[in-house]
Amino acid sequence: MDAADTTWVLISTALVFLMLPGVAFLEIGFLRSKNAISVMMQVFTILFVTSIVFLLVGFTLSFGNDIGGIIGDMNFIGLRDIGSQVWEGTTIPAALFFIFQLMFAAVTIALVTGSIAERMSYKAFFLFVIGFSFMYAFPAHWVWGGGWLHDLGKVDFAGSTVVHVTAGAAALAAALVLGRRQGFGVDALGGHSIPFGVLGGFLLWLGWFGFNGGSALAADGVAVNAVLATNSAAAAGALVITLLTWFHLGRPSIVMAVNGSLSGLVAVTAGAGYVSPIGALATGAIAAVITFYAIRLIKDRFQVDDALDVTSIHGLPGVWGSLAVALFADGRVDGVTGLLHGGGWQQLGVQALGVIVVCGFIFAGTTIMLKWIEGVVGLRVSPRDEISGLDLADHRETAYI
Amino acid sequence: MDAADTTWVLISTALVFLMLPGVAFLEIGFLRSKNAISVMMQVFTILFVTSIVFLLVGFTLSFGNDIGGIIGDMNFIGLRDIGSQVWEGTTIPAALFFIFQLMFAAVTIALVTGSIAERMSYKAFFLFVIGFSFMYAFPAHWVWGGGWLHDLGKVDFAGSTVVHVTAGAAALAAALVLGRRQGFGVDALGGHSIPFGVLGGFLLWLGWFGFNGGSALAADGVAVNAVLATNSAAAAGALVITLLTWFHLGRPSIVMAVNGSLSGLVAVTAGAGYVSPIGALATGAIAAVITFYAIRLIKDRFQVDDALDVTSIHGLPGVWGSLAVALFADGRVDGVTGLLHGGGWQQLGVQALGVIVVCGFIFAGTTIMLKWIEGVVGLRVSPRDEISGLDLADHRETAYI
Amino acid sequence: MDAADTTWVLISTALVFLMLPGVAFLEIGFLRSKNAISVMMQVFTILFVTSIVFLLVGFTLSFGNDIGGIIGDMNFIGLRDIGSQVWEGTTIPAALFFIFQLMFAAVTIALVTGSIAERMSYKAFFLFVIGFSFMYAFPAHWVWGGGWLHDLGKVDFAGSTVVHVTAGAAALAAALVLGRRQGFGVDALGGHSIPFGVLGGFLLWLGWFGFNGGSALAADGVAVNAVLATNSAAAAGALVITLLTWFHLGRPSIVMAVNGSLSGLVAVTAGAGYVSPIGALATGAIAAVITFYAIRLIKDRFQVDDALDVTSIHGLPGVWGSLAVALFADGRVDGVTGLLHGGGWQQLGVQALGVIVVCGFIFAGTTIMLKWIEGVVGLRVSPRDEISGLDLADHRETAYI
Amino acid sequence: MKKIEAIIRPEKLEKVKDALEGIGYPGMTVTDVKGQGKQKGLTQQWRGREYKIDLLPKIKVELVVTDDDVRATLHAIIGAAKIGEAGDGKIFIFPVENAIRVRTGDSGECAI
Amino acid sequence: MKKIEAIIRPEKLEKVKDALEGIGYPGMTVTDVKGQGKQKGLTQQWRGREYKIDLLPKIKVELVVTDDDVRATLHAIIGAAKIGEAGDGKIFIFPVENAIRVRTGDSGECAI
Amino acid sequence: MKKIEAIIRPEKLEKVKDALEGIGYPGMTVTDVKGQGKQKGLTQQWRGREYKIDLLPKIKVELVVTDDDVRATLHAIIGAAKIGEAGDGKIFIFPVENAIRVRTGDSGECAI
Ligand SMILES: Nc1ncnc2c1ncn2[C@@H]1O[C@H](COP(=O)(O)OP(=O)(O)O)[C@@H](O)[C@H]1O
Ligand SMILES: Nc1ncnc2c1ncn2[C@@H]1O[C@H](COP(=O)(O)OP(=O)(O)O)[C@@H](O)[C@H]1O
Ligand SMILES: Nc1ncnc2c1ncn2[C@@H]1O[C@H](COP(=O)(O)OP(=O)(O)O)[C@@H](O)[C@H]1O
């Protein structure tokens, strides 16, 4: 065990933890005040439910001994015997590896709340969180837990695929199953406190230093490279979307700037350890272009009410980032080399395959799960309750007096 | 000196620092807007007054050479000669040990503000903070500074007793001496910005990673274990209180969920380094049950106006946690072994003794000190000022325009 | 490369990053709600523009090979070849040194926004940020990059001169060139959400642990000393200004307490690694006195509309702190010894020279740059737009609904 | 001239506004208010206990119209604001002595 | 019918509400307002300087009652809102031409 | 007695207040409202799309004055609130049947 690496992953865990209030405040700020309690309770619920479910079974499903490339076994159920070991292939305690991975699971589910907000009942949501905690174990195992995608050579430094494609696919499926909010396409359904949203944006950017940097699992040059790439891609994403907004709408927007930074962060997540700062700038810049037009396409053209554009801000940039690593990786780590640096098409193929399978699996899984929940307890609050707000209906609390 | 351990305790210090805005925002969010300035100023005052008082004398009283098991001597007055030493028994600089402990002192006093809010005058409060900085040195010395409780074998990993029983006993005494707020028992006296309260809750949970994890004073397996136990107990507390609220009041509540997580965090503080994740879950779950019913008992039955239920959320779970370590400790560190793992009753007895003495000492000390302050400058603002709010009366500022 | 030092500087970088939301929330809280989007967008723009400009050229100008003591060469343009090197004279990766320094550049510019707020158009601001990113490279190079002030023996631990005198001089120049806001001297032009302001204050105090502590570039006794000095000076500043406010205005004020803590933090920045806790208390206490009276002088007497008193809170305490190190340094590091500890007048002279030259250079540079921008795109929004607020005029967004 | 003062459900504002614009009365002033009446209050929870909220969020729409336009206006508002349950709101009609347009100084019916 | 419009101290709302409910007038509309008058303003501080606030927080309670009920209503409000110092507030009485209940379309006294 | 109800631009409140105090009418009640009329709405953006805001922030100033004072009051308000563009606002004048000062119970003109 190395104390410095342990310290770095401990603090990275704390930074990733910050992404949960980050998501919560981004969302309540950019949604209506009558649903602020509901959204905060969703994110908080994810934190406390996942902390328990992942401890009991999620972790061992993700990282237990591989069963046929598909899932982990019950080796670490309830973190049995994990106590004082060093996690294999690292210099940090197994228990620390667990907490770090737990935060990833929680963040992944939390991202989905941006899509389903303002209409899903808490009861349905509660079941959804438990179910999703299990579903998440599959992509996590495939890519990071020694599963089949890992064996094929898929790389995903900190989870453009495992976290963001997963969240994006689930968000899209959930938006489709749940249907649109009342007023969608007519009213702006705009946010009620942009400062809270921006606070969330800052916390996410910051948290991502731990998300990507900590994924090196050591306080080394790779971690530093990841942090640098992370910051650069976020900046490029924010700049590009600001210019696009300025051009198309006549004025730059803080809301879009934050979205652009998130888009860049998502995209660079797959390659953070593998790319140069310049590669990171390119990754983030292109991600922002994708996000800008995807928001319009999905909301205006396809009329899908993905409330906070999780598909456009996490899903699609996640896809792009998963592929981008096969373009921009320059061989600095583990010999991962992208097309632009003389690598072959092979890597790009594997990356694409990973994205497609994860996308399909999660989209289908989410749809089935939500349909089942709909049958058992219903999915949406009543139209009247939706109008008065989920805070009153589901929690009998109001955010402000 | 070890650089990794130093880094971990430095960053833990920063995390514990975050608990101060955590307390401030938890409190202003869950109190009325007309007292928001007052509460923030109380917490900020604690930060700047304690930083000076603890530097000058508090630290040496707590951690100077032991005088008869009761208190430290003046060895470190003004941090004299502490400069470049390594703190005995650790691998970190003495100056760092000081800052870390300073944050604990500040947090302890800050917790008390939740009870006295919305009626105590700033003048009285200012004297109270100075007085309490001295009073805190006693339990700190007894348990952590080599005093008599330490010699008896009392364990308190990060302060269920020293911090939370202390804060709880002071909160109860202060609520009794100050008396109830106008409208208590009639109006809800509810919070004005639940998002601020929840922000505070997230910051506290996060800060607790440093509070408990940093108390290992090294970046080792114990620190990791403490962080894991911390997160698990918080989750269990939040889950259990959510279910209780759902059952008793028909709807789950974010405010109670946050309170439940705090209750779990408080309880696991004594045993964070000594218990397994499963032990931590049990500790947190039982703490939440205690908190849920204690709030009703103290406010409804006993009609004590402990504004934010510090007695129920910190005091009683602190008592429970101090005992729970003597049940759940599994011998992984320092041979501390609880009843359930084959330890004897001896430990439980010592833990109980510590709780009782600290409780009694602080309760009596706080009562006497407040009575004295009452005589000198009065304790409460005038009833008219209480109605218009302490922000206007004591600070001539308003929180919002 | 040392993993522990790397971890500490990584996390210090994260802490300094937190100063950006710190500045943003301090400012929006203490300004009017109709300009909240504008201010947040300014700070966010600084983050994303500086991240790119400093990466491409700012860093190499600051820290490239010295050209005549004035500026760095193009050695590190686009961070070329910086990848896996250890930064000379440290044990951390060059890429990490870059990110850490990048955050300093961003914070410096962010501080200036406090002066120009509520009237400068976004277009003008955007150009200003790019220009200022270049201008900042000069003082950074002179003092930290091996330039002429460094050669003269000027010490500036973490930037009382490079960061705060720079920000203060620019703030004053900008306030003069821009002119006063409508209503200045008549209305209070007070803040709209003191809690947001206080949140910012807490984040800044916290971030400063990384700002000063990280400037040791190692997890050693110097870093710990810097954190301790930082906390002590902030506390002294807050206490002294609270007493002054209480005395002069009859009531203590949270807004002034936060300002006082900032003043102390700024002043101790030059000497954080070199002074004892007692020296830090003195530095902070005197800084707060300066700030308290300077605010009145500059706003009331000179009628300069430096909106959030950047000159009084950063500029002048920066000057004082730059000199104070030549009084209070006690020789513990690098043999830097102040007058009070037997050092000579020489150091004080060099410190003063540094302050004067940086002040003059930045004041002149800012004035010229703003005049030029005024010619190209204009500086201020129209009087009508100023009344309806920059949020609507420049961003077509509103902070709250 | 009369002042029509309608207390309506907040969620009906958009529809009422559209209805009024539809018949040519874009001029109106809107205020956030709270109201109680036949509609029963809300039960909320706070720190583990229940309490009642009597005053519910409502919106007050005020518009001054000529005597001839009163009927049409009432009709439009009722049509848009009604859901048929307690809490739909009230409309009050007040006499107006005069109206003045600040911009021009015009007074009387031509000012509205 | 008359409209009673009472400007009161915010802290008295609860008592006024209770008094009105006590005598059987639960229907009312409440608005947050600011007011100035004989009551002297507040001194506040901002960044080291003092300034005056003239407009103080008040609450406006509006209720429409039949002519016969005016007396009782006034009595109840005054009893509950008075503390005997400048700033207690005013009550204004306005004529109402008609009232309509949106839910039913009823008009006149039976609508209130 | 009349009630003067002026809907003005928010940024003009200070001037209107000063003008009224200047001619000796410090008593007034002020409400944040939103209004629409001839003034055209705002275009805002949200997540990459534009939308229109019709209801703009306005301030309602209410003051009850004796019949004799109406002219002077109107004059003062118009003078202070006018910039000559659509959106300057309206002033409405309503009859008042009575006014009561809560503190003293005085009624009629001496109450205002
Ligand atoms: N007598 C009254 N005077 C003034 N406002 C009233 C009165 N009665 C009701 N209101 C307003 O009308 C709203 C709806 O009234 P309520 O009695 O609840 O429903 P309904 O009119 O459908 O019977 C109330 O919330 C209140 O704002
Ligand atoms: N002439 C007036 N027109 C309208 N509202 C008034 C008038 N005078 C006072 N008010 C309202 O009544 C409130 C109390 O009035 P004030 O003169 O301060 O106290 P009091 O009525 O006890 O003498 C004021 O804050 C204001 O809202
Ligand atoms: N008929 C009306 N009834 C009530 N309020 C009105 C009416 N017409 C306008 N207003 C109010 O007056 C404000 C200004 O009116 P507007 O027509 O935009 O400008 P102007 O009065 O300068 O022509 C509106 O925002 C609205 O609050």
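Quick note: structure is the one above.
Residues numbered from 1 in each chain as written. Chains lettered and ligands numbered in written order. Predicted model: local features only at pLDDT ≥ 70, side-chain atom pairs only at ≥ 80, totals over all residues. Heavy atoms only, no water.

## Let's talk about the overall build of chain D
Helix and strand counts for chain D come out as 2 helices and 7 strands. In chain D, the succession of helices and strands from N to C terminus is β-α-β-β-β-β-α-β-β. Relative to a compact globule of 112 residues, whose C-alpha radius of gyration would be 13 Å, chain D shows 17 Å and is clearly more extended. Dimensions of chain D, computed from C-alpha atoms along their principal axes, come out at roughly 60 × 25 × 20 Å. Put simply, 70% of the contacts in chain D that link residues at least 6 apart link residues at least 24 apart. When the 19 basic and 17 acidic side-chain charges of chain D are each reduced to a single mean position, those positions are 8 Å apart. (Helix = DSSP H or I, 4+ residues; strand = E, 2+ residues; numbered from the N terminus. Rg over C-alpha atoms; globule rule 2.2 N^0.38 Å. Contact = heavy atoms within 4.5 Å. Lys, Arg positive; Asp, Glu negative; His and termini not counted. Charge placed at Lys NZ, Arg CZ, Asp CG, Glu CD.)

## Things to note about the interface of chain B and chain A
By a widely used convention, the size of an interface equals the accessible area lost when the partners come together. Contacts between the two partners involve 44 residues from chain B, matched on the other side by 49 residues from chain A. Buried surface at the junction of chain B and chain A, both sides included, amounts to about 3900 Å², of which 83% is carbon and sulfur. Between the two partners, chain B and chain A, sit 0 salt bridges. Summed over the shared surface of chain B and chain A, the result is 8 residue pairs in polar contact (both at pLDDT 80 or more). Contributions of two or more residues to the side of chain B that touches chain A are made by α1 (3-29), α7 (194-213), α8 (221-249), α9 (254-268) and α10 (277-301) of chain B. If you tally residues by element for the side of chain B that touches chain A, the top one is α8 of chain B, at 13 residues. Broken down by class, the residue content of the side of chain B that touches chain A amounts to 31 nonpolar, 10 polar and 3 charged. (Buried area = accessible area lost by both parts, 1.4 Å probe. Salt bridge = Lys/Arg side-chain N within 4 Å of Asp/Glu carboxyl O. Polar contact = N/O pair within 3.5 Å; in protein donor to acceptor, adjacent residues only side chain to side chain. Nonpolar A, V, L, I, M, F, W, Y, C, P; charged D, E, K, R; others polar.)

## Some details on the site of ligand 3
Taken together, 22 residues form the shell around ligand 3, and within it Thr29 and Arg103 of chain D together with Lys38, Gly87 and Lys90 of chain F come nearest. Residues lining ligand 3 come from chains D and F. Within the backbone of Asp88 of chain F, one N or O atom sits 3.2 Å away from an oxygen atom of ligand 3. Between Lys90 of chain F and ligand 3, the recorded distance is 2.9 Å, taken from a side-chain N or O atom to an oxygen atom. Out of a free accessible area of 550 Å², ligand 3 has 97% covered by protein chains. Sorting the residues of the shell around ligand 3 by element identifies β2 (28-36) and β5 (56-65) of chain D together with β2 (28-36) and β6 (90-95) of chain F as the ones contributing at least two each. Per element, the largest residue contribution to the shell around ligand 3 is 3 residues, and it comes from β5 of chain D. For the shell around ligand 3, the residue count by class is 6 nonpolar, 8 polar and 8 charged. (Near = heavy atom within 4 Å. Areas by Shrake-Rupley, 256 points an atom, 1.4 Å probe, with all protein chains shown as cover.)

## Observations concerning the interface of chain D and chain F
Between chain D and chain F, the residue contacts involve 23 residues of the former and 29 residues of the latter. Of the roughly 2200 Å² buried at the junction of chain D and chain F (both faces included), carbon and sulfur atoms supply 57%. If you sort the residues of chain D by the area they bury against chain F, Ile100, Val102 and Arg103 of chain D come out on top, with a joint share of 33%. For the pair chain D and chain F, the number of links is 4 salt bridges. Residue Glu97 of chain D is joined to Lys2 of chain F by a salt bridge in which the shortest nitrogen-to-oxygen separation is 3.0 Å. For the interface between chain D and chain F, the tally reads 13 residue pairs in polar contact (both at pLDDT 80 or more). Looking at the side of chain D that touches chain F residue by residue, the class counts come to 12 nonpolar, 4 polar and 7 charged. For strand β7 (residues 98-101) of chain D and β6 of chain F, the ladder comprises 4 bridges, and the chain directions are antiparallel. (Pairing = 2+ DSSP bridges.)

## Some thoughts on the environment of Phe209 of chain C
Checked against the element boundaries, Phe209 of chain C lands in helix α7 (residues 194-213). Each C-alpha atom of the pair Phe209 of chain C and Thr337 of chain C lies 23 Å from the other, and the pair is 128 residues apart in sequence. The contact partners of Phe209 of chain C, leaving out residues within four places of it in the chain, are Phe17 and Met103 of chain B together with Trp8, Leu15, Gly214, Val227, Thr230 and Asn231 of chain C.

## Examining the site of ligand 2
Taken together, 22 residues form the shell around ligand 2, and within it Lys38, Gly87 and Lys90 of chain E together with Thr29 and Arg103 of chain F come nearest. At the site occupied by ligand 2, nearby residues are drawn from chains E and F. Contacts to ligand 2 include Lys90 of chain E, whose side-chain N or O atom sits 2.9 Å from an oxygen atom. One nitrogen or oxygen atom from the main chain of Val64 of chain F is found 2.9 Å from a nitrogen atom belonging to ligand 2. Here ligand 2, which alone exposes 550 Å², has 97% of that area covered by the protein.

## Some thoughts on the relation of the copies chain D and chain F
Mapping between the two chain copies consists of a rotation about an axis together with a translation along that axis. Rotating chain D by 120 degrees and moving it 0.0 Å along the rotation axis overlays it on chain F with an RMSD of 0.0 Å. Here the symmetry operator amounts to a three-fold rotation axis. Across chain D, the rotation axis passes nearest the C-alpha of Pro95 of chain D, at a separation of 4.3 Å. Looking at the interface residues of chain D, only 9% of them are also at the interface in chain F, so each copy uses its own face. (Least-squares fit on C-alpha atoms with pLDDT ≥ 70 in both.)

## Comments concerning a nonpolar patch on the surface
There is a patch of nonpolar side chains on the surface, built from Trp372, Val376 and Val377 of chain A and spanning about 300 Å² of accessible area. Here Val376 of chain A shows up in helix α12 (residues 345-377). (Patch = residues over 30% accessible without salt bridge, like charges linked within 9 Å, V, L, I, M, F, W, Y side chains within 5 Å.)

## Some details on the relation of the copies chain B and chain A
Superposing chain B onto chain A takes a rotation of 120 degrees combined with a translation of 0.0 Å along the rotation axis, leaving an RMSD of 0.0 Å. A low fraction, 11%, of the interface residues of chain B reappear at the interface in chain A, so the copies pair through non-equivalent surfaces.

## A short note on the side chain of His164 of chain A
All names here are of chain A. Take His164: it is sitting in helix α6 (residues 160-178). By relative accessible area, which is 0% here, His164 ends up buried. Ignoring any residue separated from it by four or fewer positions in sequence, one finds His164 in contact with Leu111, Gly159, Trp208, Phe211, Val266, Thr269, His314, Gly315 and Gly318. (Buried < 20%, exposed > 50% of the residue type's maximum accessible area, 1.4 Å probe, protein only.)

## Quick notes on unusual backbone geometry
Even without being glycine, Gln303 of chain A reaches a positive phi, approximately 55 degrees. Of note in the backbone geometry, Arg47 of chain E takes a positive phi value of approximately 50 degrees without being a glycine. Note on placement: Arg47 of chain E falls in the loop between β3 (42-46) and β4 (49-53).

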